[in-house]
Amino acid sequence: QVQLVESGGGLVQAGGSLTLSCAASGSIFRINTMRWYRQGPGKQRELVAVITRGAIRNYADSVKGRFTISRDNAKNTVYLQMNSLKPEDTAVYYCNADLLTGEPGYLEAWGQGTLVTVSS
């Protein structure tokens with residue numbers, strides 16, 4: 001059994017910073033691509049940032065220059081450094097990862113989400 005657990009969410013004023021973490025645990029042989037999604041109030045879930053195992057990164061246009069995704073493969077952890085936060089960044093943030101377990105192929109796993117609230 002594998003799981004992803006996010007942490008680091010909370011309340012912050014506009015212009016502030018937060019760092020989210022997501023740790024994978026369980027019977028994991030390898031983690032391929034890792035992602036952060038978010039879902040704001042009344043909105044659809046959207047992809048925020050992606051990082052491959054080789055650390056190639058991509059970002060949604062709305063967060064480029066403000067958010068940084070990184071990972072520590074030794075700790076099976078992905079991070080999202082969020083700077084210059086705006087009220088529109090308010091959302092539940094979810095991590096997502098492609099996990100190689102004992103089963104054939106990669107398992108796509110999701111965390112439970114962590115709430116980020118940005119006050120104006």
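Residues numbered from 1 in each chain as written. Predicted model: local features only at pLDDT ≥ 70, side-chain atom pairs only at ≥ 80, totals over all residues. Heavy atoms only, no water.

Caption draft 1: Quick peek at the state of the cysteines. Inspection of every chain in the model, using the stated rule, returns 1 disulfide. Disulfide partner of Cys22: Cys95, at an S-S distance of 1.9 Å. In this structure the cystine formed by Cys22 and Cys95 twists about its S-S bond by roughly 40 degrees; its chirality is therefore right-handed. Of this pair, Cys22 sits in strand S3 (residues 18-26) while Cys95 sits in strand S9 (residues 91-100), and the two are 73 residues apart along the sequence. For Cys95, a relative accessible area of 1% corresponds to the buried category. (Disulfide = S-S within 2.5 Å. Helix = DSSP H or I, 4+ residues; strand = E, 2+ residues; numbered from the N terminus. Buried < 20%, exposed > 50% of the residue type's maximum accessible area, 1.4 Å probe, protein only.)

Caption draft 2: A look at the environment of Gly65. Among the secondary structure elements, Gly65 is positioned in the loop between strand S6 (57-59) and strand S7 (67-72). Looking at Gly65, the relative accessible area reads 84%, which means it is exposed. Taking the C-alpha atoms as reference, Gly65 lies 36 Å from Gln1; in sequence the two are 64 residues apart.

Caption draft 3: Structural detail: the nonpolar core. If you look at the biggest cluster of nonpolar residues, it comprises 29 residues, and the most contacted ones within it are Trp36, Val48, Phe67, Val78, Leu80, Met82 and Tyr93. At the level of elements, S3, strand S4 (30-39), strand S5 (46-51), S7, strand S8 (77-82), S9 and strand S11 (114-119) are the ones that each hand at least two residues to this core. Ranked by the residues each element gives to this core, the list is headed by S9, at 5 residues. (Core = buried A, V, L, I, M, F, W, Y, C linked by side-chain atoms within 4.5 Å.)

Caption draft 4: Region of interest: unusual backbone geometry. Even without being a glycine, Ala55 presents a positive backbone phi close to 75 degrees. As for its position among the elements, Ala55 is in the loop between S5 and S6. In this structure, Ser84 is a non-glycine residue whose phi angle is positive, near 50 degrees. For Ser84, the position within the fold is in the loop between S8 and S9.

Caption draft 5: Inspection of the pairing of strand S10 (residues 106-110) at higher detail. By the bridge criterion, 5 bridges tie S9 to S10 in an arrangement that is antiparallel. Bridge assignment links Asn96 to a residue of S10, and that residue is Trp110. Two successive antiparallel strands, S9 and S10, enclose a turn made up of 5 residues, where Gly105 displays a positive phi of approximately 80 degrees. (Pairing = 2+ DSSP bridges.)

Caption draft 6: Here's a closer look at the pairing of S11. Of the two faces of S11, the one lined by Thr114, Val116 and Val118 is fully buried and the one lined by Leu115, Thr117 and Ser119 carries no buried residue. Examined bridge by bridge, strand S2 (residues 10-13) and S11 share 4 bridges and lie parallel to one another. Residue pairing for S11: Val12 is matched across the bridge by Val118.

Caption draft 7: Broad picture of the sheet that holds S8. Strand order in the open sheet formed by 4 strands is S1-S3-S8-S7, with antiparallel pairing between adjacent strands. Edge positions in the open sheet fall to strand S1 (2-7) and S7, since each of these has one partner strand only. Sheet twist, expressed as the average angle between the axes of neighbouring strands with direction ignored, equals 15 degrees. (Axes fitted to C-alpha atoms, helices over the stretch in contact; angles between N-to-C directions.)

Caption draft 8: Molecular detail of the packing of aromatic side chains. Taken as a whole and judged by the stated rule, the model has 1 aromatic pair. Here Tyr37 and Trp110 contribute two aromatic rings whose centre-to-centre distance is 4.9 Å and whose plane-to-plane angle is 50 degrees, an arrangement assigned as tilted. Here Tyr37, found in strand S4, pairs with Trp110, found in strand S10; they are 73 residues apart in sequence, far enough to count as distant. Exposure remark for Trp110: the relative accessible area of 34% places this residue in the partly exposed category. Here Arg45 stacks its cationic end above the ring of Tyr94, 3.9 Å away from the centre of that ring. Over the ring of Trp110 we find Arg45, and its NZ or CZ is 4.8 Å from the ring centre. (Phe/Tyr/Trp six-rings, centres within 6.5 Å; stacked < 30°, edge-to-face > 60°. Lys NZ or Arg CZ within 6 Å of the ring centre and 35° of its normal.)

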